[in-house]
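# Descriptive analysis of the structure
The chain contents come next:
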Amino acid sequence: MKNYCADLQGGLWLQYNTKKAAWFGKPCCLYQTKFPIHENINSEYWQHPTIIAQRQDNIAGKELPDECGACKQTELLGNYSRRESWNERLGTEWQQPASVIELDVQCDFSCNLACSICGPQYSTLWRQIDTTYKINNNKFKVRATNSNVLDLIETMPLHDIKQIHFQGGEPLLSNTHIQLLEKLEKTVDLSKIVLWYHSNGTQRVSETVLKFWEKFKMVEIYFSLDDMGPRMEYQRWPINWTEVHENMLWWKENLSHNTMLRIERTVGVLSAYWVDELEQWHQQYFSHSKYRDTITMNYHNCDGVYSCNAMSELYRQALLEKFPANHWIHNNVKNLKSDSVVDIKLMFADLNHYDQVKFQNWKNIYPEFLKWYPEYAN
């Protein structure tokens, strides 16, 4: 079906905005408009006239709405979009369903890391170290209250739910996800649901959680591993790479039979030149589970200060020389516009500022930058 989108039909991205202390919903994380939800998901979002009209247009094969610009642009460039991947994952039979099919919930921002690509909106550790945030320490709440989450979930049509995705923060750092799932167990068949987590790799779970997960159709854990060694420790401060490596081996050996492991890496200027090292580690230590299931490694491009927009021409040329033409990173940068003065200055301003906060020194971790950015790095 032309332009069909499973997320537009059956998806709900539900986020508690800790700055506004309010809930918002939309079809997926890339959709560009948020719908405020005060008391009832069904009436305020699921049955919203705009969403209903867009579902109807989608079934009729009309052009995707302007809010879906990210996928439209991705497909225009000939790349695989979220829309296409979610159609493959969820199917194309959902036509204006009465129930939410895929729930993407973000309500707890407890986190033990302050990653370079993140900030205080999504991490409690960032709130401890960010100088701007410290001016007003009530700027963001840590999480929605448990009663708030559970009461709101009851207003959502969920009788045909197929997938639930937990993000953070670090979702495995607290028991918020388990409380929500135990609430759902009273009304839905867990054996028909796929669970999906994004984790930073620093956490293990108890035997009780592993046993509870066995009730589900499948559990997928996506580990956000962008790099390894000192570079990983710099990018996702104050992570310890040795401990993460040991955790990955623990997950391989202790996962339940219905659990799949994945690696999700963000690629930008802090990691692009070294992607082959993580690929080699993946092949050596983490390519298959104990059940011989393949552990895949995905990537997406970094947004913000450390995106490839901050790449110098010398850096770009170094990538083209290091990686063969058939490597994805080569293709990713071969037509990249480099040497953006504005983007490069913003990157180095951020590096220098947060090095003082985190007691780090990027020159020790990225000595190559002294060569690739001679006008900015000294």
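Located above this text is the structure these notes cover.
For every chain, the first residue of its written sequence is number 1, and the numbers climb from 1 along that sequence. Residues qualify for local features only when their pLDDT is at least 70, as the model is predicted, and side-chain atom pairs are given and counted only at 80 or more; totals for whole chains, interfaces and linings, by contrast, use all residues. Based on all heavy atoms of the structure, the side-chain values leave hydrogens and waters out of the count.

## So, the overall build of the protein chain
To qualify as a helix, a DSSP run of H or I must reach at least 4 residues; to qualify as a strand, a run of E must reach at least 2; elements of each kind are numbered from the N terminus. Along the backbone of the protein chain there are 18 helices and 11 strands. The quantity called the radius of gyration is restricted to C-alpha atoms. Its globule counterpart is 2.2 Å times the number of residues to the power 0.38. For the protein chain, the C-alpha radius of gyration of 21 Å lies close to 21 Å, the compact-globule estimate for 378 residues. Taken over the C-alpha atoms alone, the protein chain extends approximately 60 × 50 × 50 Å along its principal axes. Any residue under 20% of the maximum accessible area for its type is buried, any over 50% is exposed, and the rest in between are partly exposed; the area is computed with a 1.4 Å probe on protein chains only. When burial is assessed residue by residue, the protein chain has 54% of its 378 residues classed as buried. Partitioning the intrachain contacts of the protein chain with sequence separation of at least 6 by distance along the chain shows that 72% fall at a separation of at least 24. In this description, accessible areas are obtained by the Shrake-Rupley approach with a 1.4 Å probe, and a residue is regarded as covered only by the protein chains that are shown. A total accessible area of about 17300 Å² is found for the protein chain, and carbon and sulfur atoms account for 48% of it. For the purpose of charge, His is not counted, nor are the chain termini; Lys and Arg are scored as positive and Asp and Glu as negative. Here the site of a charge means atom NZ of a Lys, CZ of an Arg, CG of an Asp or CD of a Glu. The positive charge centre, built from 39 side chains, and the negative charge centre, built from 45, are 2 Å apart in the protein chain. The contact criterion used throughout is that any non-hydrogen atoms of two residues lie within 4.5 Å.

## Overview of the packing of aromatic side chains
Aromatic ring pairs: the centre-centre distance and the angle between the two ring planes describe each pair. Centres within 6.5 Å are what make two rings of Phe, Tyr or Trp a pair, Trp counting through its six-membered ring; a difference in plane orientation under 30 degrees is then read as stacked, over 60 as edge-to-face, and the rest as tilted. Under the definition given, this model contains 35 aromatic pairs. Taken together through their ring pairs, the aromatic side chains of Tyr234, Tyr273, Trp274, Tyr315, Phe348, Trp362, Tyr366, Phe369, Trp372, Tyr373 and Tyr376 make up a single cluster. Consider the ring centre and the ring normal. A charge sits over the ring if Lys NZ or Arg CZ is within 6 Å of that centre and within 35 degrees of that normal. Above the ring of tryptophan 13, the side-chain terminus of lysine 26 is found at 4.5 Å from the ring centroid. Here the basic side chain of arginine 89 rests over the ring of tryptophan 86, its NZ or CZ set 5.7 Å away from the ring centre.

## Some remarks on the sheet that holds strand E8 (residues 218-223)
Taking strand neighbours across the sheet as the criterion, the 9 strands line up as E3-E2-E1-E4-E6-E7-E8-E10-E11 in an open arrangement whose pairing is mixed. Either end of the sheet is taken by a strand with one partner, and the two such strands are strand E3 (35-37) and strand E11 (296-301). Direction aside, neighbouring strands of the sheet carry axes that sit 25° apart on average. When DSSP finds two or more bridges between a pair of strands, those strands are recorded as paired. As paired elements, strand E1 (residues 11-17) and strand E4 (residues 102-106) share 5 bridges and run parallel to each other. By the bridge assignment, leucine 12 is partnered in E4 with leucine 103. Note on method: axes are straight lines fitted to C-alpha atoms, helices fitted across the in-contact stretch only, with angles between N-to-C directions ranging 0 to 180 degrees. Its contacts with the sheet place helix H9 (residues 176-184) against E4, strand E6 (163-166) and strand E7 (194-199), and it is angled at close to 160° to E6.

## Concerning the state of the cysteines
Our working definition of a disulfide is a cysteine sulfur pair at a distance within 2.5 Å. All chains considered together, the criterion is met by 0 disulfides. The cysteine cysteine 5 is free of any disulfide, with cysteine 68 supplying the nearest cysteine sulfur at 6.0 Å. Cysteine 28 carries a free sulfur, and the closest cysteine sulfur to it, the one in cysteine 29, is 5.2 Å from it. On the accessibility criterion, cysteine 28 (10% relative accessible area) is buried.

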